[in-house]
Every structure is written in C-alpha cells, then in structure tokens.
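So you can see what is in the structure, the chains are spelled out below.
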Amino acid sequence: MENRAGPAEPKYWVKSVARAADILEVLAAPAPGSGLSVTEVAQLCGVSKSAAFGTLQTLRAYGFVSDDGEGMNRRYRLGMGLARLGDRARSQVSLRGVAHPVLRELTRETGMASRLAVPEDGHAVVVDQVELDQRVRLDLRMGQRELPHCTGLGKALLSAVDPAEAAAVVERHGLPRRTPRTITDAATFLAHLRDIDRVGYALDDEEDAEGIICIGAPVRDDHGVCVGAISITGLKLGLPAWRYQELGGQVRDAAHRISRALGWVDPAEGDAHPAATGTPSP
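The rules we used
Residues numbered from 1 in each chain as written. Predicted model: local features only at pLDDT ≥ 70, side-chain atom pairs only at ≥ 80, totals over all residues. Heavy atoms only, no water. Helix = DSSP H or I, 4+ residues; strand = E, 2+ residues; numbered from the N terminus. Buried < 20%, exposed > 50% of the residue type's maximum accessible area, 1.4 Å probe, protein only. Contact = heavy atoms within 4.5 Å. Areas by Shrake-Rupley, 256 points an atom, 1.4 Å probe, with all protein chains shown as cover. Polar contact = N/O pair within 3.5 Å; in protein donor to acceptor, adjacent residues only side chain to side chain. Expected span 1.5 Å × (residues − 1). Arc of directions from axis to C-beta.

**Concerning the overall build of the protein chain**
A tally of regular secondary structure across the protein chain gives 9 helices and 8 strands. Among the 282 residues that make up the protein chain, the fraction classed as buried is 43%. In the protein chain, the proportion of contacts linking residues at least 24 apart, taken out of those at least 6 apart, comes to 56%. Approximately 14,700 Å² of the protein chain is accessible, and the part contributed by carbon and sulfur atoms is 53%.

Dropping the structure here:
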C-alpha cells in the first residue's frame, strides 16, 4: 500500500514522508483499544519491517504514534499528538474561506446566485454570497435571519438536526404563511424535513417569495455536526421539474465538497445517494 495518495509520484515526492502518512492511515483502521504489530504495519504498507519500525519510532517521538507491550506483544496505535494537531487544524479553518470558492463555482455552473448561512436560534443567518453579474438583482438578505420553514437555507439546516430539536424549533417559532405555497401544518412540515434529509437538499418552491426558488443543502464538520448550509436562488420562470432535481444534486454535491474540506466523512462514501433522482415535495 505504498503512496496511496495517488498513482503517480509528484515531482517533489518524499518517500519517507509518504511512508509515514501510509502508516498513520493504517493505524487509524483498527477498532478502538486495539493496535497493530510492526510486522502487520509493514505488511499492510508494503514496506520492510525495519523501515516500518524506524518510521514508527520517529512518529512515536513526536507523539503521533503510541505503543504498549513488549517484544512480540508490542502494539502500535495513533498518538494523542494527532488530536492536538487536529484541534489546531480546526481552529485554522474558516467556514467562509472554505465555502467561498465553492460558491463561486456553484454560481458559475447553475447560473444562480449562491449563499452561505449559519444556524442561529433555529434560523439561517446569511454570512456570504456570490451574486450574478446581471441587471436583475435579488434581495439576498446578507446578514439577516431567514425563517426555518420556508427557505432553502432554513429547511436545509433544520433537516440536519435531531427530529425532536426540529419539532421544538417549529413549536417555538411557528409556521407563518409567507405565500400560498408555504407549509403551515407542523406534521406535514416535519415529514417534509425527513424527505429533505433523505434526498440531501431542500427545495423552496415559491414558499418564501412568489416567483423565487431556492435550493439548499447542509454543511457538516468533522464530527458530523451541521455547521451551516449553502443554497442557490433564482427566478422560477417555468423551470421544469427535472431541472430542480439536477440543481438539487449540484447544491448537495457542493455542500459535500465543503463538508469534506472541514473533515467530514460521508458514511455512504462510494455509494450513490439514495435519492439522487428525487425531489422533496414542498
């Protein structure tokens, strides 16, 4: 398992560093409380036992690997030095900084304005946006709080929390009608949130403002916690149903890219999303 980062070695590839990275990846695989022997590490990484041992001891000196036992019973596992670096890495990552390039790409691909929001008391607060370079401008409410039940951002955020928490938000804020298409029944709305969670994106089909659609998807951190949501917003203008599905998939995929940059690992990685061809009913 050498050089797992890619099939070809970059120009400035350092094999000893690649070997250390491979070993850390291997040590991350065993179940909690278990570890690997130096022989197992060498076999899994496709290197000699002496090379594996030397790398393990170096990583151990930096706290990136720990060990216990003696002789043939010695087992290696990840060290707490990695937790320290992980905490520092998280502190250096800005959600807005990670998301903004993705928003620009999303706007370019979809032809719609894109936004980033964070949760605040059940609402969505817009903290970044990428507008279209055109004469018709939408009121994207930068910095304002959006209702959780009738906007793409709000519904995306609410779909990613525990159902009991979502129900508490509905009870606290109600479901005020914004347009004839706004969902105002609590049971219907909570079922709608389950559909959103299943397909991975939320559709606001003229529920907050007539003639406007908004499609949002949640963004998660390395703990799987929803830390924000992104969306695209545009004029409806007779958009066909198949286009909603296509746009929803693009927003969902963009949200996944941001989430992965924050350290999130999709539990269904490698599998097609169960509702890639579906659309949550408004």
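The discussion continues.
**Observations regarding the side chain of His 149**
By secondary structure assignment, the location of His 149 is in the loop between β5 (145-146) and α6 (152-159). For His 149, the side chain forms a polar contact with the main-chain oxygen of Pro 176, separated by 2.7 Å.

**Structural notes on the environment of Leu 44**
Summarising the element assignment, Leu 44 is placed in helix α2 (residues 38-45). Separated by 21 residues in the primary sequence, Leu 44 and Ile 23 place their C-alpha atoms 8.5 Å from one another.

**Structural notes on helix α8 (residues 186-199)**
Compared with the 20 Å implied by 1.5 Å per residue over 14 residues, the 20 Å span of α8 between its first and last C-alpha is a close match. Taken as a whole, α8 has its buried residues at Phe 189, His 192, Leu 193, Ile 196 and Val 199. Within α8, the buried residues cover an arc of 130° as seen down the axis, which keeps them to one side. Within α8, the exposed residues directed more than 90 degrees away from the buried face are Ala 187 and Arg 194. Those residues of α8 hidden inside the fold are in contact with α6, α7 (163-173), β6 (202-205) and α9 (241-261).

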